There are 2 protein chains.
Amino acid sequence: MASPEIETLTEALSRLPGLGPRSARRAVLHLIKRREAALAPLRAALEAVEARLTSCGICGNVDTSDPCGICRDPRRDARALCVVEEVADLWALDRAKLFPGRFHVLGGRLSALDGVRPEDLSIDLLMRRLEAGGIDEVVLAMNATLEGQTTAHYIADRIERMPVRVTQLAHGLPVGGELDYLDEGTIAQALRARRPVA
Amino acid sequence: MASPEIETLTEALSRLPGLGPRSARRAVLHLIKRREAALAPLRAALEAVEARLTSCGICGNVDTSDPCGICRDPRRDARALCVVEEVADLWALDRAKLFPGRFHVLGGRLSALDGVRPEDLSIDLLMRRLEAGGIDEVVLAMNATLEGQTTAHYIADRIERMPVRVTQLAHGLPVGGELDYLDEGTIAQALRARRPVA
Ligand SMILES: [Zn+2]
Ligand SMILES: [Zn+2]
């Protein structure tokens, strides 16, 4: 019954994680009843992010600047590097404010099933960061899944002869758990109990 | 840690009903990982609605055209008019696809507490629609709240001497219930069992 424009907006919103068709309709009503206070600010915020969205050439984070805010932050400990599968994992770890160093986003995990090989991930870029020196510790913060752990082992092997300490998150992570879904307490515990890779 | 633009977007999204801070962050990640497939379409949809959003001069519905899609729809029964408090109620009733007629949005309910008087609602406009003739039945679809029912009685009194049948939704509505929060089955039952105002 609504106009094509309103239907299109409802559909676009209902595709967001966490919003179904019903809550999308409520969100649209909220927006159209508050054209100046809600609709215009949300449209402007999307516009600003869309215009400036970029991928960090150093770490692979997605941000509105390159290098990203984390890589440019002088208060970050440049000697510690946390390697994660996805940008979502970086955000989950950073939200917990527990890791004082920088990050490296692989852009996925090794997967025979999905045909993801080492060259499909930013592993070579990681090696070049390590070879450039100045990094003392690499924390492998892969998901506690089979593919995540395979990826961690592969990277640990490649780093083995470098003069860096390689650790991984303690297996306080529930089996099959994905970082981005865990509460901060669990992530904190796993990070505190991180241990050298055998 | 995110850039100001990303923080602003997260905040704008977290103000939508149904999205808290955590799901807003997930939504932002979803959007920035899908710049072309999700971010741009949502931004464009908001832009289109914002540019064309208007209030229907006939019924008070919010739409991207004036008259609105419902008032312009020739398949709608122009002899039946359903009076509701808010645009959200119109949408809730229309979603159930049970009322074949048109609507009239009052823009609120009479309230001594909030100082809402008859002249603050579009009741005079409703009277002019009825005086223009061609309407056989007016369904008063106010919320089953004290203020909603006070409003319904006030309007029923004003219509009393006009040659129209005045009905109201059956009190299958739960006491204190607001239309916009009810499932379609409950609304359907209440609409089917509507009865003449005593
Ligand atoms: Zn970066
Ligand atoms: Zn209309």
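Bear in mind that the values here come from a model prediction, so they are computed numbers and not experimental data.

Conventions used here
Residues numbered from 1 in each chain as written. Chains lettered and ligands numbered in written order. Predicted model: local features only at pLDDT ≥ 70, side-chain atom pairs only at ≥ 80, totals over all residues. Heavy atoms only, no water. Helix = DSSP H or I, 4+ residues; strand = E, 2+ residues; numbered from the N terminus. Buried < 20%, exposed > 50% of the residue type's maximum accessible area, 1.4 Å probe, protein only. Contact = heavy atoms within 4.5 Å. Areas by Shrake-Rupley, 256 points an atom, 1.4 Å probe, with all protein chains shown as cover. Least-squares fit on C-alpha atoms with pLDDT ≥ 70 in both. Salt bridge = Lys/Arg side-chain N within 4 Å of Asp/Glu carboxyl O. Core = buried A, V, L, I, M, F, W, Y, C linked by side-chain atoms within 4.5 Å. UniProt positions renumbered as here; feature names shortened; annotations may be inferred. Buried area = accessible area lost by both parts, 1.4 Å probe. Polar contact = N/O pair within 3.5 Å; in protein donor to acceptor, adjacent residues only side chain to side chain. Domains from an automatic or database assignment. Donors = N, O, S within 2.8 Å, 3.2 Å for Na, K, Ca; no water. Tetrahedral: all angles 85-135°; square planar, octahedral: opposite > 155°, others 65-115°. Axes fitted to C-alpha atoms, helices over the stretch in contact; angles between N-to-C directions. Parallel < 35°, antiparallel > 145°, perpendicular 65-115°, else oblique. Nonpolar A, V, L, I, M, F, W, Y, C, P; charged D, E, K, R; others polar. Pairing = 2+ DSSP bridges. Right-handed = clockwise from strand over helix to strand, strands pointing away.

Draft legend 1. Main features of the overall build of chain A. For chain A, the helix and strand inventory stands at eight helices and seven strands. Counting all 198 residues of chain A, 53% fall into the buried class. A separation threshold of at least 6 residues defines the contact pool for chain A, and within that pool the share at least 24 residues apart is 54%. About 9,200 Å² of surface is accessible on chain A, with carbon and sulfur atoms providing 52% of the total.

Draft legend 2. Spatial organisation of the relation of the copies chain B and chain A. The operation relating chain B to chain A is a screw motion whose rotation component is 179°, with 0.0 Å of axial translation and a residual RMSD of 0.1 Å. Here the symmetry operator amounts to a two-fold rotation axis. When C-alpha distances to the rotation axis are compared across chain B, the minimum falls at Arg43 of chain B, with a value of 2.9 Å. The share of interface residues of chain B whose copies in chain A are also at the interface is 98%, consistent with both copies meeting through the same surface.

Draft legend 3. The pattern of salt bridges, seen in detail. Across all of its chains, the model carries 28 salt bridges over all chains by this definition. For Asp94 of chain A, the salt bridge identified is with Arg76 of chain A, shortest N-O distance 2.6 Å. With a gap of 18 residues between them, Asp94 of chain A in helix α5 (residues 87–95) and Arg76 of chain A in the loop between α4 (69–72) and β3 (77–84) connect regions that are remote in the sequence. Of the charged contacts in the structure, one is a salt bridge between Asp124 of chain B and Arg158 of chain B, with a shortest N-O distance of 3.2 Å. In this pair, Asp124 of chain B is assigned in helix α6 (residues 123–131) and Arg158 of chain B in helix α7 (residues 146–159), connecting sequence segments 34 residues apart.

Draft legend 4. Looking closely at the side chain of Asp73 of chain A. Along the chain, Asp73 of chain A turns up in the loop between α4 and β3. With a relative accessible area of 15%, Asp73 of chain A lands in the buried category.

Draft legend 5. Region of interest: the nonpolar core. The biggest cluster of nonpolar side chains holds 92 residues, and the ones touching the most others in it are Leu13, Ile32 and Leu42 of chain A together with Leu13, Ile32 and Leu42 of chain B. Each residue touching Ile32 of chain A, except ones within four places of it in the same chain, is listed here: Leu39 of chain A together with Val49, Leu53, Val62 and Trp91 of chain B.

Draft legend 6. Spatial organisation of the UniProt feature "zinc finger region: C4-type" (unreviewed entry) in chain A. The residues that UniProt annotates with the feature "zinc finger region: C4-type" (unreviewed entry) are residues 56–71 of chain A. Between the end C-alpha atoms of residues 56–71 of chain A there is a gap of 8 Å, over a span that is 19% helix and 12% strand.

Draft legend 7. The interface of chain B and chain A, seen in detail. Opposite the 49 residues of chain B that make contact, chain A presents 50 residues. Of the roughly 5,300 Å² buried between chain B and chain A, counting both surfaces, carbon and sulfur atoms make up 67%. Applying the counting rule to chain B against chain A returns four salt bridges. A salt bridge links Arg43 of chain B to Glu50 of chain A; the nearest nitrogen and oxygen atoms lie 2.6 Å apart. In this assembly, chain B and chain A are joined by twelve residue pairs in polar contact (both at pLDDT 80 or more). For the side of chain B that touches chain A, the secondary-structure elements that each account for two or more residues are α1 (4–14), α2 (21–33), α3 (35–52), β2 (62–63) and α5 (87–95) of chain B.

Draft legend 8. Structural detail: the environment of Ile58 of chain B. Residues and elements named next belong to chain B. Examined against the element boundaries, Ile58 turns out to sit in the loop between β1 (54–55) and β2. For Ile58, a relative accessible area of 36% corresponds to the partly exposed category. In this structure the C-alpha to C-alpha distance between Ile58 and Val105, which are 47 residues apart in sequence, comes to 9.4 Å.

Draft legend 9. Seen up close, the domain arrangement of chain A. Taken domain by domain, chain A holds domain 1 (4–52) and domain 2 (62–196). The C-alpha centroid of domain 2 of chain A is placed 33 Å from the C-alpha centroid of domain 1 of chain A.

Draft legend 10. Quick peek at the coordination of the zinc ion (ligand 1). Residue and element names in this part refer to chain A. Protein ligation of the zinc ion (ligand 1) involves Cys56 (SG), Cys59 (SG), Cys68 (SG) and Cys71 (SG), the donor distances falling in the range 2.3 to 2.4 Å. Every donor counted, the four donor atoms about the zinc ion (ligand 1) form angles of 104 to 115° at the centre, which fits tetrahedral coordination. All donors of the zinc ion (ligand 1) come from a single chain, and their spacing in sequence reads C-x2-C-x8-C-x2-C. Both residues of the pair, Cys68 and Cys71, belong to the buried class.

Draft legend 11. Here's a closer look at the coordination of the zinc ion (ligand 2). All names here are of chain B. Within the first shell, the zinc ion (ligand 2) binds the protein through Cys56 (SG), Cys59 (SG), Cys68 (SG) and Cys71 (SG), at distances of 2.3 to 2.4 Å. For the zinc ion (ligand 2), the four donor atoms in the first shell make angles of 103 to 117° at the metal, a pattern classed as tetrahedral. Mapped onto the sequence, the donors of the zinc ion (ligand 2) take the spacing C-x2-C-x8-C-x2-C.

Draft legend 12. The packing of α2 of chain B against α3 of chain B, seen in detail. Residue and element names in this part refer to chain B. At a closest axis distance of 6 Å, the pairing of α2 and α3 adopts a crossing angle of 115°. Our classification of the angle between α2 and α3 gives roughly perpendicular. Along the contact surface, α2 presents His30, Leu31, Ile32 and Lys33, while α3 presents Arg35, Ala38, Leu39 and Leu42. Across the contact of α2 with α3, the residue classes break down as five nonpolar, one polar and two charged.

Draft legend 13. Quick peek at the pairing of strand β3 (residues 77–84) of chain B. All names here are of chain B. Here five bridges tie β3 to strand β4 (residues 101–105), and the two strands are oriented parallel to one another. The residue bridging Asp77 from the neighbouring strand is Gly101, located in β4. Of the crossover connections in this fold, the one passing from β3 over α5 to the parallel β4 is right-handed. Pairing geometry for β3 and strand β5 (residues 137–140), over four bridges, is parallel. If you follow Leu81 over to β5, its bridge partner there is Val138.

Draft legend 14. Looking closely at the environment of Ser3 of chain B. Structurally, the position occupied by Ser3 of chain B is in the segment before α1. For Ser3 of chain B, a relative accessible area of 8% translates into the label buried. Residues Ser3 of chain B and Arg129 of chain B lie 126 residues apart in sequence; the distance between their C-alpha atoms is 53 Å. If near-sequence neighbours (up to four positions away) are discounted, Ser3 of chain B is found in contact with Asp63 and Thr64 of chain A.

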